[in-house]
Amino acid sequence: MPEITRDEVAHLADLARIDLSDAELDHLAPQLSVILESVASLSEVTSADVPPTSHALPLTNVFREDVVRPGLTAEQALAAAPASEQQRFMVPRILGDEQ
Amino acid sequence: MSSWIKKSAAELADALAAGEVTSVELTQAHLDRIAAVDGDADSGVHAFLHVDAEGALAQAKASDERRAAGIPASRLDGVPIAVKDILTTIGTPTTAGSKILEGWIPPYDATVVKKLKDAGLPILGKTNMDEFAMGSSTEQSAFGPTRNPWDQSRIPGGSGGGSAAAVAAFEAPLAIGTDTGGSIRQPGAVTGTVGVKPTYGGVSRYGLIAMANSLDQVGPVTRTVLDSALLHEVIGGHDPLDSTSIDAPVGDLADAARHGAGGDLTGVRVGVITELGGEGYQAGVLAKFNESLELLRSAGAEVVEVSCPHFVHALATYYLLMPSEASSNLAKFDAMRFGLRVVPDGDPSAEDVMRASRDAGFGDEVKRRIILGTYALSSGYYDAYYGQAQKVRTLITQDFDKAFESVDVLVSPTSPTTAFKLGEKTDDPLAMYLNDLATIPANLAGVPGISLPNGLAEEDGLPSGFQILAPVTEDARLYRVGAALEALLEKNWGGPILDRLPELEGVQA
């Protein structure tokens, strides 16, 4: 399995929407390489015919009755919002100049 | 120091029922203990991130009124408890140990919290933890580490170091933890306390701030096996709000513990897992483990060695699956609806705000895992990493299935070492991950596990833990075998291990 480069970490941080500083990139990239190296042994485990497990217990199609239940009031839902206006979450602009 | 704080929860429940003490008195005694020894980020045990004295005393008063009227809500009505700060609580802050949630007051209770309130247990406060439960030492908490009551220069384990330390330091008789790869059991081992990870789906995850949904499980943190069983009965059972919740009764676990405490294990088949021992395990931990096996034999158990060949891949499997799930779960911290919002200079877009907020709000380990998970899930790597890990997870589960064909329970040391020094492994992620070597397989397969104290390692005088694992939904076996071993050990020691806890110095208020 390939080693992870500093540029790749920067790209992944971008995908994960985290602004990493140069110092953080210098620090994290080698650590991530070591971790990836330690998990590389998995590729050698023979498992071609083995079905994947996504959950510990095989549960499927859990339904509930379609009944009205009390939920949060708008006031409760907005209580922890960084900003709100007219019973809505207020967010920074979504589009850039080029869009 | 009130003599009540050293009693077990079962003893406190009996004293409440007999009218020997009130819940207000018990709750106040524990609040006084917290004030005396908990301190803050810089000194003291620092097991709590938030103490809710007013709320706890109000709940205690209501409990005393129910007792007086002859209508207690449960056996544990009035026995105070501490809750890991990863479960939502209406009206009290819930941070998950992260700056990104500092000051957040949830608008709803986790199902487990609701069950505790319904059963009448006053909630003393919220306990410290590694940020988003990511760690094995509680040093990744954004609010400063918890210190091990046995030696305050050492780690209390993690991620639930706060809950384990609170119980070990007699700041609470009971606590709630969560266990994704060992976060209840490993802190139990290094603090000389009992911790149980129930069968996956046995306790509701509604209101638990998720790290890895397919692995997370809520469970009891206590000083005795019986107390864990009593608490497990309160918090367990089906919850329609959690679609992975098992739709079956939790069972009579306290009965299993009482039965086990008789000390007879005739006919019980105990399997020692070959792969979880030997190299990498501290000599004193292995010595205590072997002594415990002898005790089980003396109680009539048949002890055999069982190989689970794929367990050697459990750590690697876990460190692909868990970060993948975590990176997806933590995407909700986007600075839009709740949590920290950092606005950079200029005219930033929502995305700029998101990046700046997540950089400022998340700590190192959280960033490491988000990036690792993002990598494992990215196209081109998905099959090699995430897909392959899911397959090996199946092989690990099959190892358990096969082992349980020939034995009733499996056992191992809980943690390879006793508590290490604060700061020793903070910047060496891989060394930190190795602490969960023996606890991770249970989470991957969903099986239940308990850790109970089995002695003090000879070389450093610090507690070691004994882990017992049972098949899915056979949690009662943990309590039967655990209580038997506990009774035999305490007979040898002449009392509980925490009798040997060094006196804690008071801290300045």
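Above: the structure in question.
Residues numbered from 1 in each chain as written. Chains lettered and ligands numbered in written order. Predicted model: local features only at pLDDT ≥ 70, side-chain atom pairs only at ≥ 80, totals over all residues. Heavy atoms only, no water.

(A) Structural detail: the overall build of chain B. Broken down by element type, chain B carries 16 helices and eleven strands. Compactness check: chain B gives a C-alpha radius of gyration of 21 Å against a globular reference of 23 Å for 509 residues, within 12% of the reference. Taking all 509 residues of chain B together, 65% fall into the buried category. For chain B, contacts bridging at least 24 residues in sequence account for 76% of all contacts bridging at least 6. Accessible area of chain B: about 16,000 Å², with a carbon and sulfur share of 51%. (Helix = DSSP H or I, 4+ residues; strand = E, 2+ residues; numbered from the N terminus. Rg over C-alpha atoms; globule rule 2.2 N^0.38 Å. Buried < 20%, exposed > 50% of the residue type's maximum accessible area, 1.4 Å probe, protein only. Contact = heavy atoms within 4.5 Å. Areas by Shrake-Rupley, 256 points an atom, 1.4 Å probe, with all protein chains shown as cover.)

(B) Broad picture of the interface of chain A and chain B. At the interface, 54 residues of chain A touch 60 residues of chain B. Summed over the shared surface of chain A and chain B, the result is four salt bridges. Close ionic contact of Arg-355 of chain B with Asp-14 of chain A constitutes a salt bridge, the shortest N to O distance being 2.5 Å. Counting across the chain A and chain B interface gives 18 residue pairs in polar contact (both at pLDDT 80 or more). Elements with a contribution of two residues or more to the side of chain A that touches chain B: helix H1 (6-15) and helix H2 (22-39) of chain A. Examining the composition of the side of chain A that touches chain B, we find that ten residues originate from one element, H2 of chain A, more than from any other. (Salt bridge = Lys/Arg side-chain N within 4 Å of Asp/Glu carboxyl O. Polar contact = N/O pair within 3.5 Å; in protein donor to acceptor, adjacent residues only side chain to side chain.)

(C) Structural detail: a nonpolar patch on the surface. Together, Phe-89, Val-91, Ile-94 and Leu-95 of chain A make up an exposed nonpolar region whose accessible area comes to about 380 Å². Along the chain, Val-91 of chain A turns up in the segment after strand E2 (88-89). (Patch = residues over 30% accessible without salt bridge, like charges linked within 9 Å, V, L, I, M, F, W, Y side chains within 5 Å.)

(D) View of H1 of chain A. Burial in H1 of chain A covers these residues: Val-9, Leu-12 and Ala-13 of chain A. Looking down the long axis of H1 of chain A, one finds its buried residues gathered within 100° of arc, a one-sided arrangement. Each element contacted by the buried residues of H1 of chain A is listed here: H2 of chain A together with helix H12 (364-377) of chain B. Of the residues flanking the end of H1 of chain A, it is Arg-17 of chain A, one or two places downstream, whose phi is positive at about 55°. (Arc of directions from axis to C-beta.)

(E) Region of the structure containing the environment of Glu-405 of chain B. With respect to the element layout, Glu-405 of chain B can be found in helix H13 (residues 383-406). Considering only alpha carbons, one finds Glu-405 of chain B and Pro-471 of chain B, 66 residues apart in sequence, at a separation of 9.8 Å.

(F) Up close: the side chain of Gln-186 of chain B. As for its position among the elements, Gln-186 of chain B is in helix H6 (residues 185-191). Leave out the neighbours within four places in its chain, and Gln-186 of chain B touches Ser-136, Ile-155, Gly-157, Gly-158, Thr-414, Ser-415, Asn-435 and Asp-436 of chain B.

(G) Representation of the pairing of strand E2 (residues 81-84) of chain B within the structure. Residues and elements named next belong to chain B. Both faces of E2 are covered, namely the face carrying Ile-81 and Val-83 and the face carrying Ala-82 and Lys-84. Of the pairings in the sheet, the one linking E2 to strand E3 (residues 123-127) comprises four bridges and is parallel in character. When the sheet's bridge partners are listed, Ile-81 is paired in E3 with Ile-123. Read from E2 through helix H4 (residues 111-118) to E3, the crossover connection turns out right-handed. By the bridge criterion, two bridges tie E2 to strand E4 (residues 174-178) in an arrangement that is parallel. Within the sheet, the bridge partner assigned to Ala-82 lies in E4 and is Ala-175. (Pairing = 2+ DSSP bridges. Right-handed = clockwise from strand over helix to strand, strands pointing away.)

(H) Structural view of the pairing of E4 of chain B. Residue and element names in this part refer to chain B. E4 sits mainly inside the fold: five of its five residues count as buried. Neither face of E4 is exposed, since Leu-174, Ile-176 and Thr-178 on one face and Ala-175 and Gly-177 on the opposite face are all buried. Here five bridges tie E4 to strand E6 (residues 218-222), and the two strands are oriented antiparallel to one another. In the sheet register, Thr-178 faces E6, and the bridge partner there is Val-218.

(I) Quick look at the side chain of Thr-224 of chain B. All names here are of chain B. Mapped onto the fold, Thr-224 is located in the loop between E6 and helix H7 (225-235). Judged by its relative accessible area of 18%, Thr-224 is buried. From its side chain, Thr-224 meets the backbone nitrogen of Asp-227 in a polar contact 3.0 Å long. Residue contacts for Thr-224: discarding those within four places in its chain leaves Ser-8, Val-194 and Glu-486.

(J) The arrangement of the packing of aromatic side chains in detail. Residues and elements named next belong to chain B. With the rule as written, the count across this model stands at 15 aromatic pairs over all chains. A centroid spacing of 6.5 Å and a plane angle of 85° characterise the contact between Phe-333 and Phe-362, whose relative ring orientation is edge-to-face. With Phe-333 in the loop between helix H10 (314-329) and helix H11 (350-361) and Phe-362 in the loop between H11 and H12, this residue pair connects regions lying 29 residues apart in the sequence. Each member of the pair, Phe-333 as well as Phe-362, is classed as buried. Counting every residue linked through ring pairs, the aromatic cluster contains Trp-104, Phe-132, Phe-333, Phe-338 and Phe-362. (Phe/Tyr/Trp six-rings, centres within 6.5 Å; stacked < 30°, edge-to-face > 60°.)

(K) Representation of the nonpolar core. Residues and elements named next belong to chain B. Within the largest apolar cluster, 140 residues are counted, with the highest numbers of intra-cluster contacts made by Leu-87, Leu-116, Phe-132, Ile-176 and Leu-296. Apart from residues no more than four positions distant in its own chain, Leu-87 is found in contact with Thr-94, Ala-110, Val-112, Val-113, Lys-126, Ile-176, Gly-207, Leu-208 and Val-218. Core analysis: the second largest hydrophobic core is formed by 18 residues, Leu-31, Ala-165, Ala-169 and Val-221 among them. (Core = buried A, V, L, I, M, F, W, Y, C linked by side-chain atoms within 4.5 Å.)

(L) Quick look at unusual backbone geometry. Following Gly-158 of chain B, the chain continues to Ser-159 of chain B via a peptide bond in cis, the omega torsion being 10°. Here Ser-159 of chain B lies in the loop between E3 and helix H5 (161-168). The backbone phi angle of Gln-86 of chain A is positive, close to 50°, even though this residue is not glycine. Within the chain, Thr-473 of chain B stands out as a residue other than glycine whose phi angle is a positive 65°.

(M) Region of interest: the packing of H7 of chain B against helix H16 (residues 475-493) of chain B. All names here are of chain B. One way to put it is that H7 packs onto H16 with a least axis distance of 9 Å and a crossing angle of 160°. Classified by the angle between their axes, H7 and H16 sit roughly antiparallel to one another. Taking contact as the criterion, the partners of Val-225, Ser-228, Ala-229 and His-232 in H7 are, on H16, Asp-475, Tyr-479, Gly-482, Ala-483 and Glu-486. A class-by-class count of the residues in the contact of H7 with H16 yields four nonpolar, three polar and two charged. (Axes fitted to C-alpha atoms, helices over the stretch in contact; angles between N-to-C directions. Parallel < 35°, antiparallel > 145°, perpendicular 65-115°, else oblique. Nonpolar A, V, L, I, M, F, W, Y, C, P; charged D, E, K, R; others polar.)

(N) Structural context of the packing of H10 of chain B against H12 of chain B. Residues and elements named next belong to chain B. Contact geometry for H10 and H12: axes closest at 7 Å, N-to-C directions at 100°. With respect to H12, the element H10 is oriented roughly perpendicular. Residues Tyr-319, Leu-320, Met-322, Pro-323, Ser-324 and Ser-327 of H10 lie in contact with H12, whose contacting residues are Arg-369, Ile-370, Leu-372, Gly-373, Thr-374, Ala-376 and Leu-377. When grouped by side-chain class, the residues that make up the contact of H10 with H12 number eight nonpolar, four polar and one charged.

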